[in-house]
Amino acid sequence: MAKVLLIDDEPSILSVLSTLLKAEGYDVVTASGGEEAQKLISDEEFDLMISDIRMSPINGMELLKQAHNEKPAMSVIMLTAYGSVETAIDALKLGAFDYVTKPFKVDELLITVQRALEYNKAITENADLKAQLGTRYHLESIVAESPAMQNVCDMIRRVGPTDTTILVYGESGTGKELVAKAIHAYSRRKEKQFLAVNCAALPEPLLESEMFGHVKGAFTGAAADKEGLFEAASGGTILLDEIGSMPLSIQGKLLRVLQEKEVRRVGSNKNIPIDARVLAATNTPLEDLIKDGDFREDLYYRLSVIPIEIKPLRERREDILPLVYHVLRKETPQGQTPPNIDADASAVLESYSWPGNVRELENAVKHAMTFAREEKITRDVLPPKVAATTVSTASATAGPGEISAGRCKSLKAFLRELEKEYLQQILSNTGGDKEKAAKALKISLATLYRKLPEEAE
Ligand SMILES: Nc1ncnc2c1ncn2[C@@H]1O[C@H](COP(=O)(O)OP(=O)(O)OP(=O)(O)O)[C@@H](O)[C@H]1O
Ligand SMILES: [Mg+2]
């Protein structure tokens with residue numbers, strides 16, 4: 001029997017919830033305040049903690065932090081007041097499994113409790129190893145060297161298993177769809193469909209019937225009943241891509257669908273219940289569209305319960321070369337060795353501004369592979385726009401804003417760092433073969449070892 005710790009300073013809520021959970025067969029321990037809860041968290045073992053956020057003097061966030069530190073295996077669900085979405089997001093960032101908004105629907109709460117316990121079990125007992133391998137594969141397919149991308153992966157792991165609506169935003173080609181797919185793969189919905197609709201690609205009437213379906217005769221050409229993507233994605237996930245291009249009339253209908261969890265096919269007056277998790281993606285900042293009256297603010301709040309930002313590639317340069325190698329490996333037929341990249345081409349790739357982000361990088365690498373000679377990628381086989389980049393070593397190491405007196409390093413230290421980076425680059429090009437690297441660098445092997453003391457051990 002799962003043991004649940006229930007914390008709320010409102011006696012009525014505490015008693016209702018406790019009765020409800022006991023009726024479901026859970027072993028419930030209650031605490032009516034922070035101090036009592038702190039002691040229980042330390043002294044006893046629980047599978048799940050459900051805590052109100054707003055309490056004084058010790059609030060739910062402090063209890064969450066304590067639980068996370070002392071009992072990392074225990075799942076936590078937070079109860080939040082309607083409208084305090086930001087606090088709820090902070091709670092997820094601090095490691096809460098999910099949150100439930102007050103006043104809560106009984107079904108919704110019980111399902112969340114069930115999922116939290118299932119998730120907990122899967123993690124602690126490693127029971128669902130196969131599924132975990134599946135999901136890990138998906139996150140592994142995302143290259144994430146930079147702290148910004150690692151953060152995105154953390155968010156995917158954390159919010160994937162919840163049913164929360166997520167808005168993924170970032171410039172074109174940054175990987176929004178990839179992230180949306182990973183969220184699906186990381187959820188309990190992974191065995192069901194992931195369907196995407198591009199709101200910019202379809203004219204208004206078609207988009208509406210694509211999303212919500214239609215009945216026979218609803219408009220000219222509607223020869224038969226057709227289910228929409230919301231119905232088809234039942235149990236799975238639907239991605240509303242380029243949501244910023246959605247016409248206002250459909251935005252209103254979508255808002256109703258999200259609130260009521262029901263769709264009505266075009267031309268019908270019957271409501272059909274739906275169970276699709278909704279993700280949305282945009283490369284136009286929705287805040288700007290709201291200002292211009294092109295996007296409904298109420299819909300924005302519904303969609304962006306959890307926003308995930310994907311930074312442009314030029315702001316996370318650590319990802320560039322790993323992405324290049326990732327594409328090289330992906331595009332090389334099995335059993336063959338991917339081509340090498342010489343130092344000059346590497347520097348060019350790292351310095352270029354990548355306005356088209358990862359998609360442009362993929363195309364550039366494919367282009368280079370087509371024209372490469374002797375398995376080597378050099379500057380001259382890169383697309384002309386990329387090849388024309390001037391390499392600035394200083395900018396590769398420190399951004400223009402980073403040169404403040406306090407953070408300035410000596411020229412010697414700077415050169416040493418640069419040298420080390422270059423050596424490592426060459427070493428990775430030679431697949432770690434130090435003899436080959438020394439030869440390429442025109443230095444003796446001994447010098448190479450001296451310059452790379454950590455590697456020499
Ligand atoms: N971090 C990453 N690791 C590996 N591949 C990536 C990464 N980011 C993006 N890609 C790849 O780059 C390409 C573009 O990504 P995706 O289609 O997800 O971008 P997008 O943001 O949806 O673009 P658009 O705004 O044009 O629709 C895809 O082939 C994707 O697999
Ligand atoms: Mg996309």
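Going by the structure above, here's the rest.
Residues numbered from 1 in each chain as written. Chains lettered and ligands numbered in written order. Predicted model: local features only at pLDDT ≥ 70, side-chain atom pairs only at ≥ 80, totals over all residues. Heavy atoms only, no water.

Caption draft 1: How the structure looks around the overall build of the protein chain. In terms of helices and strands, the protein chain carries 22 helices and 16 strands. Burial analysis of the protein chain (457 residues in total) assigns 46% to the buried set. Pairs at least 24 apart in sequence give 69% of the contacts found in the protein chain among residues at least 6 apart. For the protein chain, the exposed surface amounts to about 23,800 Å²; the carbon and sulfur share of it is 51%. (Helix = DSSP H or I, 4+ residues; strand = E, 2+ residues; numbered from the N terminus. Buried < 20%, exposed > 50% of the residue type's maximum accessible area, 1.4 Å probe, protein only. Contact = heavy atoms within 4.5 Å. Areas by Shrake-Rupley, 256 points an atom, 1.4 Å probe, with all protein chains shown as cover.)

Caption draft 2: A look at the site of ligand 1. Taken together, the neighbourhood of ligand 1 is formed by 18 residues, with V143, G173, K176, R359 and E362 sitting nearest. Between V143 and ligand 1, the recorded distance is 2.8 Å, taken from a backbone N or O atom to a nitrogen atom. Contacts to ligand 1 include G173, whose backbone N or O atom sits 2.9 Å from an oxygen atom. When the free accessible area of ligand 1 is taken as 640 Å², the share hidden by the protein chains comes to 86%. Here the shell around ligand 1 is built from residues that sort into six nonpolar, seven polar and five charged. Here the shell around ligand 1 spans two domains, and each of domain 2 (143–309) and domain 3 (313–391) adds at least three residues to it. (Near = heavy atom within 4 Å. Polar contact = N/O pair within 3.5 Å; in protein donor to acceptor, adjacent residues only side chain to side chain. Nonpolar A, V, L, I, M, F, W, Y, C, P; charged D, E, K, R; others polar. Domains from an automatic or database assignment.)

Caption draft 3: Spotlight on the pattern of salt bridges. Across all of its chains, the model carries 24 salt bridges by this definition. Residues D275 and R189 are paired through a salt bridge, measuring 2.6 Å at the closest nitrogen-oxygen approach. Of the two residues, D275 sits in the loop between β12 (272–273) and β13 (277–282) while R189 sits in the loop between α8 (176–185) and β7 (194–198), which places them 86 residues apart along the sequence. Looking at R189, the relative accessible area reads 3%, which means it is buried. As a salt-bridge pair, D298 and R296 come within 2.8 Å of each other at their nearest N and O atoms. It is possible to trace a salt-bridge network through shared partners that takes in D8, E10, D52 and K102. (Salt bridge = Lys/Arg side-chain N within 4 Å of Asp/Glu carboxyl O.)

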